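Tertiary structure, described
One letter stands for each residue in the lines below.
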Amino acid sequence: MSTASGPGHAGDGWTIIVPVKTLERAKGRLAPELSPDIRRALVVAMATDVIAACRDASPVVRVRVVGSDPEIARIAQGLGAEFVVDPTGPGTVPATSVAGRSDPLNTALSHAMTGMRGSVGVVAADLPELDGALLTRILDVATRHPHSVVTDHRGDGTTMAFWTGSTDRVIHFGAGSADRFRHLGGAEKIAVDDAAWEGASRDVDIPEDVAGLAARRVGAATARVLQGVPAPLRVRDAGESVTMVR
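Computed from a predicted model, the values in this text were never measured in an experiment.

**Quick word on the side chain of Lys 27**
- Mapped onto the fold, Lys 27 is located in the loop between β1 (14–19) and α1 (36–56).
- On the accessibility criterion, Lys 27 (16% relative accessible area) is buried.
- Within the structure, the side chain of Lys 27 is placed 2.6 Å from the backbone oxygen of Val 204, a separation counted as a polar contact.
- If we skip the residues at most four places from it in the chain, Lys 27 touches Arg 39, Val 43, Met 46, Asp 126, Val 204 and Asp 205.

**So, the packing of α1 against helix α2 (residues 70–78)**
- Between α1 and α2, the least distance of the axes is 10 Å, while the angle of their chain directions is 25°. Put simply, α1 runs roughly parallel to α2. The element α1 and its partner α2 pack so that their crossing is right-handed. In contact with Arg 40, Val 44, Ala 47, Thr 48 and Ile 51 of α1, α2 contributes Glu 71, Ile 72, Ile 75 and Ala 76.

**A closer look at the pattern of salt bridges**
- One pass over the structure, following the stated rule, counts 14 salt bridges.
- Between Arg 154 and Asp 203 there is a salt bridge whose closest N-O contact spans 3.9 Å. Placement of Arg 154 in the loop between β5 (147–151) and β6 (158–163) and of Asp 203 in the loop between β7 (188–189) and α6 (207–211) is noted, with a sequence separation of 49 residues between them.
- Residue classification places Arg 154 among the partly exposed positions, given a relative accessible area of 38%.
- Take Asp 203: its relative accessible area is 8%, and that puts it in the buried class.
- In this structure, the salt-bridge partner of Asp 209 is Arg 154, at a minimum N-O distance of 2.5 Å. Of this pair, Asp 209 sits in helix α6 while Arg 154 sits in the loop between β5 and β6, and the two are 55 residues apart along the sequence.

**Concerning the side chain of Ser 177**
- As for its placement among the helices and strands, Ser 177 is situated in helix α5 (residues 177–184).
- The buried category is assigned to Ser 177, whose relative accessible area is 0%.
- Not counting the four nearest positions on each side in its chain, Ser 177 is found in contact with Asp 156, Gly 157, Thr 158 and His 172.

**What to know about the packing of aromatic side chains**
- For the coordinates displayed, the defined rule picks out 3 aromatic pairs.
- Where Trp 14 meets Phe 162, the ring centres are 5.5 Å apart and the plane angle is 80°; that geometry is what we call edge-to-face. Note that Trp 14 is positioned in strand β1 and Phe 162 in strand β6, a separation of 148 residues in sequence. The burial state of Trp 14 is the same as that of Phe 162; both residues are buried.
- One aromatic cluster in this structure is built from Trp 163, Phe 173 and Phe 181.
- Above the ring of Trp 197, the side-chain terminus of Arg 137 is found at 5.6 Å from the ring centroid.

**Quick word on the environment of Leu 23**
- With respect to the element layout, Leu 23 can be found in the loop between β1 and α1.
- On the basis of relative accessibility, which here comes to 3%, the residue Leu 23 falls in the buried class.
- When the C-alpha atoms of Leu 23 and Val 43 are compared, they prove to be 7.1 Å apart, with 20 residues separating the residues in sequence.
- When sequence neighbours within four positions are dropped, the list of residues in contact with Leu 23 reads Arg 40, Val 43, Val 44, Asp 69, Glu 71 and Ile 72.

**A few points about the nonpolar core**
- One finds Val 18, Ile 138, Met 160 and Phe 162 to be the most contacted residues of the largest nonpolar core, which totals 40 residues.
- At the level of elements, β1, α1, β2 (60–67), α2, α4 (132–142) and β6 are the ones that each hand at least two residues to this core.
- Counting residues per element, this core draws most heavily on α1, at 7 residues.
- Every residue in contact with Val 18, bar those within four places of it in the chain, is listed here: Val 50, Ile 51, Cys 54, Val 63, Arg 64, Val 65, Val 66, Val 123 and Ala 125.
- Membership of the second largest hydrophobic core comes to 16 residues, among which are Ala 108, Ala 112, Met 116 and Ala 161.

Cut-offs used in this document
Residues numbered from 1 in each chain as written. Predicted model: local features only at pLDDT ≥ 70, side-chain atom pairs only at ≥ 80, totals over all residues. Heavy atoms only, no water. Helix = DSSP H or I, 4+ residues; strand = E, 2+ residues; numbered from the N terminus. Buried < 20%, exposed > 50% of the residue type's maximum accessible area, 1.4 Å probe, protein only. Polar contact = N/O pair within 3.5 Å; in protein donor to acceptor, adjacent residues only side chain to side chain. Contact = heavy atoms within 4.5 Å. Axes fitted to C-alpha atoms, helices over the stretch in contact; angles between N-to-C directions. Parallel < 35°, antiparallel > 145°, perpendicular 65-115°, else oblique. Left-handed = near helix turned anticlockwise from the far one by under 90°. Salt bridge = Lys/Arg side-chain N within 4 Å of Asp/Glu carboxyl O. Phe/Tyr/Trp six-rings, centres within 6.5 Å; stacked < 30°, edge-to-face > 60°. Lys NZ or Arg CZ within 6 Å of the ring centre and 35° of its normal. Core = buried A, V, L, I, M, F, W, Y, C linked by side-chain atoms within 4.5 Å.

Right, dumping it as structure tokens:
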């Protein structure tokens, strides 16, 4: 990642925004299988790996993390990213009072995009298989379209959204976002069907997603946390790790 040339200016490269939910509320659907401490550690680890992947992608000149937790702020700044306080986080004004939007995530992202010029993307913080090389390939495709998205592995959500030039940045994250981005925003879908690209669509929301990380290449921080995941979700076999660490 090169250095942005000034406030709100991304030069000829990309600004990537990574939203991180409040740690106490994140990944509630993993609660049946994972303790609060492990869930929190997994959220922090995945976010760490995603921020590092964004930083390492050659077309990226700025990474901006939006969240409300001091721990995420320290991690972001330690990785060379900017940190923007989520205006919908604990102790802030209600989401409906910010930018006229009712969805907290979309409100936070709109806030983080304020003043951004040039090409801007949003990358989900729960993509443990993402690395800089894969994101670089995704951005090479995104550069060809005014607006594009990567759909999640279930087909209805969105893991990434990109805007180039002066295209209106209308944000549609949330349940059913894939259709809204494409039908309301005119976004092109970036195909990630090839095995080498699938990590861009495999977000982690439910216990089966955690179990599915076995034998896949994940970031170093995520791999460390996965060693503490209890059976049957533990990604180990006969004492040998099957999680590849980059």
